[in-house]
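What follows is each chain in one-letter form.
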Amino acid sequence: MDVKQKVIKRFNEEIGASLKGLDNIQPFHELLKAEKSDIEKSLSMVSSETPSKVKAAVENVEHVTLEFEKLQLSVAELYDSIQESMRESSKNSDLQEVINKIGQLDKCLLYLNFVKCIEDISDEMERSLSSADDESAITLYTNLTEINCQLQLSSCHHLVNYVKETLHFWHNLIKEKLTKEYNDVLKSLKWPFCGANANTVITPQPEAMTRFKILTEYLLHLQLPDEPIKPVVTSALLTDFAPVCLPITLLVRPLRQRFIYHFTGSKLTNRQDKPEWFFTQVLTWIKDHVQWVQKYVKPVADSIGFNHIDVKAEFMRALVQLAVEKLHSELAIAQYDDALFAHLVDEALGFERELRETLLYPPSQPATVFVLTQAHIFVKWINMEKKYATEKMDAILSSNTAWEILSGPDVNDMKETECADAFLTLLTTISDRYKHLPQPGHRLQFLELQLELIDDWRVRLLQLLHEDCVDPLASLMPRILNTLHYVANVLEEWGVTVYFLQLHFFKKQFEAVECATDEGKDVTENIGEIEGTVFDEAVALLRRLENELVNEISDSVALDVKAKSRPYRTDKWFAMQSAKEVASLSVTPSGCHMFQELGTRLHVLHEALALPLFYQAWKQLAFQFDQFLLEEVVLVNHFNTGGAEQLQYDVFRNLFPLFGLYISNPESYFPLIKEACVLLNILVGSAILLLDALNTSEEDTAKEILADVGVHKMSPDVAIKVIQARTDVICG
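Everything numeric here is computed off the predicted structure, so don't read it as measured data. (Residues numbered from 1 in each chain as written. Predicted model: local features only at pLDDT ≥ 70, side-chain atom pairs only at ≥ 80, totals over all residues. Heavy atoms only, no water.)

**Q** Whenever I open this one, the overall build of the chain confuses me. Can you help?
**A** Helix and strand counts for the chain come out as 28 helices and zero strands. In terms of overall size, the chain is more extended than a compact globule, its C-alpha atoms giving a radius of gyration of 52 Å where 732 residues would be expected to give roughly 27 Å. For the chain, the spread of C-alpha atoms along the principal axes amounts to about 150 × 135 × 45 Å. Counting all 732 residues of the chain, 39% fall into the buried class. Sequence separation of 24 or more characterises 75% of the internal contacts of the chain that already satisfy a separation of 6 or more. Counting only carbon and sulfur atoms, one obtains 56% of the accessible surface of the chain, whose full area is about 40800 Å². Counting 70 positive and 106 negative side-chain charges, the chain places the centres of these two groups 3 Å from one another. (Helix = DSSP H or I, 4+ residues; strand = E, 2+ residues; numbered from the N terminus. Rg over C-alpha atoms; globule rule 2.2 N^0.38 Å. Buried < 20%, exposed > 50% of the residue type's maximum accessible area, 1.4 Å probe, protein only. Contact = heavy atoms within 4.5 Å. Areas by Shrake-Rupley, 256 points an atom, 1.4 Å probe, with all protein chains shown as cover. Lys, Arg positive; Asp, Glu negative; His and termini not counted. Charge placed at Lys NZ, Arg CZ, Asp CG, Glu CD.)

Next up, the structure:
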């Protein structure tokens, strides 16, 4: 039945329920015949291959059976072994408990032996101190220090505390003993070198120096490893001062006592209006003692492997801390008095500058600027800087000699005024005062103050210009112009120095961070290639004002010269005698006043302006006068042969020489009038032919024709008008 159902199902799938499916009977019949043929062929092949395949399968089954039997034997043996091991493990567990107890007892014994070792070291150290054997005591202390370091990671907290307390006990005891001996040796060496010992040449005694070096070595070894002696500080700011080694502490102690004696309480030397006294005292002590410390203490530290200790820097730092503590206490009072505060800041900055530049105090070590950059003090400081700088700027500009030209080798070139020099000195002073600040953010705030002062100064100069409305050359304008030019040049030079380039980099970094924060982007996306300088914007404003003033002066001179030109412009150029009709040509009488005025004004300009500014002014003047002569003389008049020759004589023998006093090749700055003279003085036949060619040619061709006769700057239309101004061409 199963076979029958499968056949029916197959027929239903192939034919389907529709009568149209009967068309598939023939293909289905062919398919069945093909399947039947394939089955018969496979059966014939199986009939020949079956014996060999069956034999191989039987052999494989027999092999697997043998392997299975071997595995069964292995499993049985392993099971017996496991059972035996489990019976023995019960015995081992009892033995393990005994072993654990033995281990605990060993640890307890080791712990007690460790405690006994510490006690033995303490007993030996006590005997060494009783017998005055300092070397043995220091050796034992060093061993105890090593043990303390090794126990730092131990979980035996009580043992660690015991060793630490023992170490501190012996440290204090040995320190007290060695300190007394060290002070005695220092007294024998006349230390410190101040007071009665300041002016005497001291030669150390060999015995004292030997004992000094030995005690210095002992004190270096006596330093606590993990808890160095912490100085007493009066504010969190002073924690920037790392503790110094014991020998330096003892060397500085008598100086500290003197400092406290003189600069605290009601002593006459402790005056709020004289902070320079305690700053100078600290600097003097450093200068008088640092070389001795370097000479006698540094070799001892190096000989015992303490090369990491810079005794010179530590000695200076210990003394600088005295000044910082005093400055910090003084600022608490002086910040409410502007005069006292300003004076205190001045002295603190001078102290810092002397330390860094003269005494070579390391930049990484703290000094007075760390106090001045506290938030409330820094705000007060920078506001005071702005106040006093503004007052100083007012005094500079109101000085009777503000616009006097300074004497010097380059006075004829730059004509530097007292105002420019004083203002730049003011900016330099501010730079000197903040250049030692460690934080770029603080330095940038001072830079912004300088930029604000520069802009304020520029505005004040503008106000002075508006107040002075007389003749520009007779007013303050040339002096102000020279001042602007000189200051702008100096600012450009400052901008490319390493110091201000670094500030420019920091400024761009801060701006990039702010921009990225506002936009919620990654900082690196906003940092591109950094170009320019911090003074670019300020210099651009100064240059713009400078150009405006140069233009105004040039226009003023041009107007004065043009005012004298009316007789020259309206002269009878069409009825003048030619060169053949007179003995010799001379300047046109109607132009004498104009050329005289031009020469006088050029001389005044040269005397009044710095050389680079004069170059700008005469170039603009030449450009204007070139246009003026062409438009107001040539194009509005007619010229006979004599008139053309006279104009050429005036230009080449009078105008050009006036400018030739200050430049070479002045004719190159008057291209239009020079080419107009060429066109007015060529032969009449050539002029007529040239006019016809220009009238009948395209613009490019006309330019080529003009170039052949030496006219390069003038356009063809203007050239036609110039040629038509010739009377001989018109008549012809």
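Now that the structure has been shown, we can carry on.
**Q** What is the right way to look at a negative patch on the surface in this model?
**A** A cluster of acidic residues, Glu119, Asp123, Glu124 and Glu126, forms a negative patch at the surface. On the basis of relative accessible area, Asp123 is assigned to the partly exposed category, the value being 37%. (Patch = residues over 30% accessible without salt bridge, like charges linked within 9 Å, V, L, I, M, F, W, Y side chains within 5 Å. Salt bridge = Lys/Arg side-chain N within 4 Å of Asp/Glu carboxyl O.)

**Q** What should I look at first to understand the side chain of His485 in this one?
**A** Inspection of the secondary structure puts His485 in helix α16 (residues 477-495). Excluding its chain neighbours within four sequence positions, the residues that come into contact with His485 are Met414, Arg543, Glu546, Ala610, Pro612 and Leu613.

**Q** Help me understand a nonpolar patch on the surface in this model?
**A** Together, Val3, Val7, Phe11 and Leu32 make up a nonpolar patch on the protein surface, roughly 330 Å² of accessible area in all. Looking at the nonpolar patch element by element, the count peaks at three residues for helix α1 (residues 2-15). Looking at the secondary structure, you find Val3 in helix α1.

**Q** For this particular structure, what's the right way to read the packing of helix α19 (residues 536-563) against helix α21 (residues 592-608)?
**A** Helices that pack against each other are described as a pair by the angle of their axes relative to one another and the distance between those axes. It is at 9 Å that the axes of α19 and α21 come closest, and there the two elements cross at 155 degrees. Classified by the angle their axes make, α19 and α21 are roughly antiparallel. Crossing of α19 over α21 shows right-handed handedness. The segment α19 lies against α21, with Ile553, Val557, Asp560 and Val561 engaging Met594, Glu597, Leu598, Arg601 and Leu605. For the contact of α19 with α21, the residue count by class is six nonpolar, no polar and three charged. (Axes fitted to C-alpha atoms, helices over the stretch in contact; angles between N-to-C directions. Parallel < 35°, antiparallel > 145°, perpendicular 65-115°, else oblique. Left-handed = near helix turned anticlockwise from the far one by under 90°. Nonpolar A, V, L, I, M, F, W, Y, C, P; charged D, E, K, R; others polar.)

**Q** What is the right way to read the environment of Ile214 from this model?
**A** Structurally, Ile214 can be placed in helix α5 (residues 206-221). Considering only alpha carbons, one finds Ile214 and Asp134, 80 residues apart in sequence, at a separation of 9.8 Å.

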